[in-house]
Amino acid sequence: MTEQFIAVVPAAGVGARMGASIPKQYLMLQDKTVIEHTLTALLSHPRIAQVVVALGPEDGWFADLTIANDPAIIRVDGGKERADSVLAGLQACQSYNWVLVHDAARPCLTHADIDSLIAGALASKHGAILGCQVRDTMKRTNAQGNIITTVDRELLWHALTPQMFPVTLLTNALTTGLADKANITDEASAIELLGFTPKMVIGRADNIKITRPEDMPLATLFLQQLTQRY
Ligand SMILES: Nc1ccn([C@@H]2O[C@H](COP(=O)(O)OP(=O)(O)OP(=O)(O)O)[C@@H](O)[C@H]2O)c(=O)n1
Ligand SMILES: C[C@](O)(CO)[C@H](O)COP(=O)(O)O
């Protein structure tokens, strides 16, 4: 039988940068909430058997969603930082070899990208992440906002999600790295802190993370365009 995987969806954020009255993962995009789009993309993939959703302590929204009753969904309590939420989710993944971690706030994920990530991760000892190369000239500024240098963009990427790693390796990395969690903004950065070099897999640039209000119409357009998501 083809190996099945588990996914962890960190969904315990408050969405401060969105500035909405509810966490951004519960805002409506077309016919359903952001998190429902995200979970549907994962749950409908043939190699994802279960999805662990890390929820905020005050979350009163998830239980009201129909998808919350899907038997493939496991709920856990998230933590103060995204890395804490992911580590909490990993405690429910110990019977699996591999885990995909995907932001609840990235609803435009396609099965083609999940397929590419799985192939890339299984071919790499250190796991893999989806990413897309930067397109603009990149600048570094000083604290006063003055440009101090132009950064070589040749090998510069936007890290996306899902990110896929062996469960034991990622659990160890996040447990060890949490002492330095200020620098752990994605799973790969914790793996890198152990000295490993995960594989970068080319992903779609429309797999955006909904962060600010202007991202909502963009995600709506992308979902309309994505006729072949699954
Ligand atoms: N303590 C946290 C913080 C974030 N997340 C999740 O991690 C993903 C990416 O984080 P981000 O875009 O930063 O979401 P928020 O933290 O909600 O946004 P903000 O920083 O604007 O508050 C989101 O799905 C968010 O719900 C989480 O599970 N636990
Ligand atoms: C994990 C991530 O989406 C990869 O780009 C990003 O690091 C999340 O950062 P955030 O500040 O928690 O949104």
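Residues numbered from 1 in each chain as written. Chains lettered and ligands numbered in written order. Predicted model: local features only at pLDDT ≥ 70, side-chain atom pairs only at ≥ 80, totals over all residues. Heavy atoms only, no water.

1. Details of the overall build of the protein chain
- Within the protein chain, the secondary structure is distributed over six helices and eleven strands.
- Radius of gyration (C-alpha) of the protein chain: 17 Å, near the 17 Å computed for a compact globule of 230 residues.
- Counting only C-alpha atoms and orienting by the principal axes, one finds that the protein chain spans roughly 50 × 40 × 35 Å.
- Every one of the 230 residues in the protein chain was classed for burial, and the buried ones make up 50%. (Helix = DSSP H or I, 4+ residues; strand = E, 2+ residues; numbered from the N terminus. Rg over C-alpha atoms; globule rule 2.2 N^0.38 Å. Buried < 20%, exposed > 50% of the residue type's maximum accessible area, 1.4 Å probe, protein only.)

2. Here we look at helix α6 (residues 215-225)
- Within the span of α6, buried status applies to D215, M216, A219, F222 and L223. Take α6 and look down its axis: the buried residues cluster within an arc of 125°, on one side only. Turned more than 90 degrees away from the buried face of α6, the exposed residues are P217 and Q225.
- Where α6 is buried, its residues touch β2 (28-29) and α1 (34-43). (Arc of directions from axis to C-beta. Contact = heavy atoms within 4.5 Å.)

3. Brief notes about the side chain of Q163
- With respect to the helices, strands and loops of the structure, Q163 is situated in strand β10 (residues 157-166).
- Among the polar contacts listed, one links the side chain of Q163 to the backbone nitrogen of A188, at a separation of 2.9 Å.
- The residues contacting Q163, other than those within four sequence positions of it, are V99, L100, V101, L117, A128, I129, D186, E187 and A188. (Polar contact = N/O pair within 3.5 Å; in protein donor to acceptor, adjacent residues only side chain to side chain.)

4. Quick word on the UniProt feature "site: Positions MEP for the nucleophilic attack" (unreviewed entry) in the protein chain
- Cross-referencing UniProt, the feature "site: Positions MEP for the nucleophilic attack" (unreviewed entry) maps to R153 and K209 in the present numbering. Of the annotated positions mentioned, K209 line the largest pocket.
- Residue position: R153 is located in the loop between β9 (147-151) and β10.
- Assessed through its relative accessible area of 38%, R153 is described here as partly exposed.
- With near-sequence residues (within four places) excluded, R153 lies in contact with V134, R135, D136, T137 and M138.
- At a separation of 3.0 Å, a polar atom in the side chain of R153 contacts the main-chain carbonyl oxygen of R135. (UniProt positions renumbered as here; feature names shortened; annotations may be inferred. 1 Å grid on protein atoms, 1.4 Å probe; cavity = no way out; pocket = protein on both sides within 12 Å on 5 of 7 lines; lining within 4 Å.)

5. Quick word on the site of ligand 1
- Taken together, 19 residues form the shell around ligand 1, and within it G15, A16, R17, K24 and S85 come nearest.
- Residue A11 places a main-chain N or O atom 3.1 Å away from an oxygen atom belonging to ligand 1.
- Within the contact set of ligand 1, an oxygen atom lies 3.4 Å away from a backbone nitrogen or oxygen of A105. (Near = heavy atom within 4 Å.)

6. With respect to the pattern of salt bridges
- This structure, assessed with the given rule, holds six salt bridges.
- The partner of R82 in a salt bridge is D103, and the shortest N-O contact between them spans 2.9 Å. Of the two residues, R82 sits in helix α2 (residues 82-90) while D103 sits in the loop between β6 (98-101) and α3 (111-122), which places them 21 residues apart along the sequence.
- By relative accessible area, D103 is classed as buried at 8%.
- Among the charged side chains, a network of salt bridges with common partners joins R82, D103, R106 and E187. (Salt bridge = Lys/Arg side-chain N within 4 Å of Asp/Glu carboxyl O.)

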